[in-house]
Structure formats: structure tokens, C-alpha cells
Amino acid sequence: MLTARHPFNNAAVTHPLLRDFDFLFRELGVRNDAERTVTPAADILEAESGITLRVDLPGHDAKAIQVKVEDGVLTVRSERKAEDVPEGSTLRRQERASGVYARQFRLPDTVDATRVEARYDNGVLTLTLPRREETKPRVVEVKVQG
């Protein structure tokens, strides 16, 4: 029975030949982490006041997180360094991704890109993107005569 390998569950590798190849590639360290870009998970919330964007960046140094707005595109970029394997230890499994984390979002015209705020807390980058004043909903008072 051939079963595709799930990257986070080696138990899914059931065929002995596939299991041997999986072991061989892990032992030889054949992977291309240097060129890999991780796309972090994000939540987008919208309210009358604007948009809140939450991006998961666990284990990142807050000072290394870059947030840039250019030509209507918000770019979040950071890098998480791989941890060294202590001498005398052998890395048997590595599931936590290291490398460059990057994500881009096209901003709607309603966002005031000059007032974007960023906060990093408990591994989550929270970006507050306020609406332009002229695009906020207004309530018009109805005057009653007579």
C-alpha cells in the first residue's frame, strides 16, 4: 500500500521503500531551506473604523520584523534563524520552519496608509489600518419642519 508522506506525520509513510527514502533524505540533510519563503497565517478583520490584520510570527525578534506600505501594497517580512543543534545531539525531526517569512496584502482605497500602526505580542503581529475619514460611514441628521 503506497501512502503519500505528510510532512508533519511520518506515520503516514507506510511503504517500506518510501520510508527508507524519507529516512535517507532526512539523514543526508537534503533540503533547500535557504531559498524557502514561509507564508505566515493571517486573519483580517474589518470594522467601520478600519481593518485589523493579525499575522502569526512565533519566535521572531520584534526588531527584525519589517512592515512596509508602498503603492497600495502592505508587505510584512521577517526572518527566523534556525536554532543550532547542541554538540552531542542529533536532529531527528524538524517541523518548525526557519527562514524568511513574508506576506503581502493589497490595501483597499479606503485605508489611510499614512496611519498604519503595528504591535507585536506573544508571537502575533497586529496591524491596525484605519479608514480614511472621507470613507467612513456618516450619519445624516434628518431635520423635521413644522
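Residues numbered from 1 in each chain as written. Predicted model: local features only at pLDDT ≥ 70, side-chain atom pairs only at ≥ 80, totals over all residues. Heavy atoms only, no water.

Turning our attention to the sheet that holds strand E5 (residues 73–80). Strands sit in the order E1-E6-E5-E4 across an open sheet of four strands; the sheet is mixed. Among the strands making up the open sheet, the edge pair consists of strand E1 (37–38) and strand E4 (66–70). Bridge analysis of E5 against strand E6 (residues 99–106) gives eight bridges, and the strand direction is antiparallel. From the neighbouring strand, Leu74 faces E6, where its bridge partner is Phe105. (Pairing = 2+ DSSP bridges. Helix = DSSP H or I, 4+ residues; strand = E, 2+ residues; numbered from the N terminus.)

Take the nonpolar core next. Counting residues in hydrophobic clusters, the biggest one holds 16 residues, and the most contacted among them are Leu53, Leu57, Leu74, Val76, Leu125, Leu127 and Leu129. Among the elements of the structure, strand E3 (50–56), E5, E6 and strand E8 (124–130) are those that each provide at least two residues to this core. With residues near it in sequence (within four places) discarded, Val76 still touches Leu57, Gln66, Tyr101, Ala102, Arg103, Leu125 and Leu127. (Core = buried A, V, L, I, M, F, W, Y, C linked by side-chain atoms within 4.5 Å. Buried < 20%, exposed > 50% of the residue type's maximum accessible area, 1.4 Å probe, protein only. Contact = heavy atoms within 4.5 Å.)

Across the eight residues that make up E5, a large majority, six, are buried. In terms of strand pairing, E4 meets E5 through five bridges, oriented antiparallel. Each bridged residue has a counterpart across the sheet, and for Val69 the counterpart in E5 is Leu74. Counting the residues that bridge the hairpin from E4 to E5 gives two residues, and of these Asp71 lies at a positive phi of roughly 50 degrees.

What follows is about unusual backbone geometry. The phi torsion at Asp71 lies on the positive side, around 50 degrees, for a residue other than glycine. With respect to the secondary-structure elements, Asp71 resides in the loop between E4 and E5. Phi at Asn122 takes a positive value of approximately 55 degrees, unusual for a residue other than glycine. By the secondary structure assignment, Asn122 is in the loop between strand E7 (117–121) and E8.

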